[in-house]
Amino acid sequence: MAGGGFVAVSNVKRYEGHVTAYVVISCIVAATGGLMFGYDIGISGGVTSMEEFLKKFFPSVYRKSEASSSNTNQYCKFDSQLLTLFTSSLYLAALVASFAASVCNRLFGRKVTMLIGGIIFLVGAFINGFAQDVAMLIIGRILLGIGIGFDNSTVPVYLSEMAPPNIRGALNICFQMAITVGILIANLLNYAFSKMKHNGWRWSLGLAAVPALIMTFGAIFLPDTPNSFIQRGKHEKAKQILQSIRGTQNVDEEFQDLLEASEVARQVKDPWKNIRKRKYRPQLVITLLIPFFQQLTGINVIMFYAPVLFKTIGFGDDSSLMAAVITGLVNVFSTFVSLLTVDRFGRRFLFLQGGGQMLICQITVALLIASQFGTSGHGTFSKPVGNVAIAFICLYVAGFAWSWGPLGWLVPSEIFPLEIRSAGQSINVSVNMLFTFIIGQVFLTLLCHFKYGLFFFFAGFVILMTIFVFYFVPETKNVPIEEMNRVWKAHWFWKRFIPDDAVGLAHDSDNVQGNGKDKGKAVELGSSSV
């Protein structure tokens, strides 16, 4: 595949060891942290479409949503800043918490940080389940957000540090898989609890405690990563864990590379200042733009507000919740596709293919909505057109789920050197949460004003992000996490920022191939090639 980001990299180290049950089980348990995030994404949209919930907390929205379609603009009937604050306040809290998580990761390690996140999320789930007014709802959501900020800052890094390079993508995507499972479970429970005459919404919100308990108890038994132990000066423990997860006693070469990376990290007193240095420009730019573009795909419009969105475009209560369940199923199975293919076909292929698929689907859905509602917002979907709209929304979700969904967490977690890794992941999470908050807060208002044009708006960003990946995101599959500088030095654009004496980079320039003229070459990693 041609492209400015696809270059050749040779002589990348191959460490001894194999995939062990110990590392797989540890990564799967850690990835359950994604259940908390996914459950919350899925639950909020369903709850905000339940009549009893709206009557109790947002009566004005309920009255507007129940007005007949003949005299109500369908685009605007759920437009309420207070209602969207219920959904989006969590992500603002997660943004702030991600910076505290960076400090916690450096001082106490990955395990303790995940444990703290699980406990705080658990408290927030109980407060939401027993909420009596909007204030309690928002307080609970803020605590949920703090828990998510801690765990989302930690779990992807944990997975990348524990996993062998050849299956790092698949194990890291377990986190996204857990997110999609959480969304699906939330959609199913919303559908079931919507049938209850009283307090169905309490069960939906309160059961967020279950994934929090899974994460909290799982974290108690998890080992910390070798990188984290070395970062805190516990070298013997780090070597023992490395031997366990690699399934061999002969880990000296990999361990030595980790020690050297740690020594560089120890000399960095302020990772937040250091990350702004020129030699980290590629990582910083990519970790800013990938989560930015991930949210501007518009995916969380579907995930947060699926039932509300489907009701807005003419589906009944049961139909809208069932449509959300269908998109949840598509999300899970499509993420599984990514898990099986990411270490085979690489990150770039999935990024580009998924972007093209999402673009086509967004334009099609916009045209379908325009044909039924126009700009007035008066009308309803016929059953055949409604089914076509759901089909293309499902195809859109599928494209995201095997590309920008998992890769938005995977790629930023694997590109930073140890000395700035915790700061880098905090930036990734904070940018993600900032734009999740913004999109969540303004979507219903944008829908009211942009109408079907909102889908064209998101499609424009899909075009931009696909161009960005094509030219500026290199392939990172199979590259050891502490050897990543070779990738940047081989890239036609980023190579100008990387000094020859950077950690993990060969001093002999002949060991590094690739420049602006190498756009058509494949990535060579030892004896393997793509």
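Residues numbered from 1 in each chain as written. Predicted model: local features only at pLDDT ≥ 70, side-chain atom pairs only at ≥ 80, totals over all residues. Heavy atoms only, no water.

> What am I meant to see in unusual backbone geometry here?
Among all residues except glycine, the phi angle is most often negative; among peptide bonds, the trans geometry is most common. Even without being a glycine, Asn199 presents a positive backbone phi close to 65°. Residue position: Asn199 is located in the loop between helix H8 (168-193) and helix H9 (200-206). Taking relative accessible area as the criterion, Asn199 reaches 32% and is therefore assigned partly exposed. One non-glycine residue, Asn478, lies in the positive phi region at around 70°. Structurally, the position occupied by Asn478 is in the loop between helix H22 (453-472) and helix H23 (485-489). (Helix = DSSP H or I, 4+ residues; strand = E, 2+ residues; numbered from the N terminus. Buried < 20%, exposed > 50% of the residue type's maximum accessible area, 1.4 Å probe, protein only.)

> Just to check I follow, could you spell out the confidence of the model for the protein chain for this structure?
When pLDDT drops low, the exact placement of atoms in the prediction is not to be read closely. Confidence in the prediction for the protein chain averages 81 pLDDT; 83% of positions are at 70 or higher. Contacts of residues 503-530 to residues separated by more than four positions or lying in other chains number 77 contacts, the stretch itself having pLDDT below 50. (pLDDT = per-residue confidence, 0-100. Contact = heavy atoms within 4.5 Å.)

> Can you help me understand the nonpolar core in this one?
Within soluble globular proteins, side chains that are nonpolar generally end up buried alongside one another. Ranked by internal contacts, the top residues of the largest apolar core, which has 123 residues, are Phe53, Trp404 and Met433. The element that contributes the greatest number of residues to this core is helix H21 (residues 418-450), accounting for eleven residues. Among all residues touching Phe53, those that are not within four sequence positions of it are Val47, Thr48, Phe58, Phe86, Leu137, Trp201 and Leu205. (Core = buried A, V, L, I, M, F, W, Y, C linked by side-chain atoms within 4.5 Å.)

> How should the packing of aromatic side chains be read in this particular structure?
Two descriptors summarise a pair of aromatic rings, namely the distance from one centre to the other and the angle between the planes of the rings. Considering all chains together, one arrives at 28 aromatic pairs under this definition. Between Phe57 and Phe58, the aromatic rings sit 6.5 Å apart at their centres with planes inclined by 55°, giving tilted as the arrangement. Take Phe57 and Phe58: they sit in the same class, and that class is buried. An angle of 45° between the planes, with centres 5.4 Å apart, marks the rings of Phe99 and Trp272 as tilted. Here the residue Phe99 occupies a position in helix H5 (residues 81-108), and Trp272 occupies one in helix H14 (residues 271-274), the gap between them amounting to 173 residues. The exposure class assigned to Trp272 is partly exposed, which follows from its relative accessible area of 25%. Seen from the ring of Phe57, Lys56 lies directly overhead, with NZ or CZ sitting 5.6 Å from the centre. Across the ring face of Phe345, the terminal group of Arg344 is positioned such that the distance to the ring centre comes to 5.9 Å. (Phe/Tyr/Trp six-rings, centres within 6.5 Å; stacked < 30°, edge-to-face > 60°. Lys NZ or Arg CZ within 6 Å of the ring centre and 35° of its normal.)

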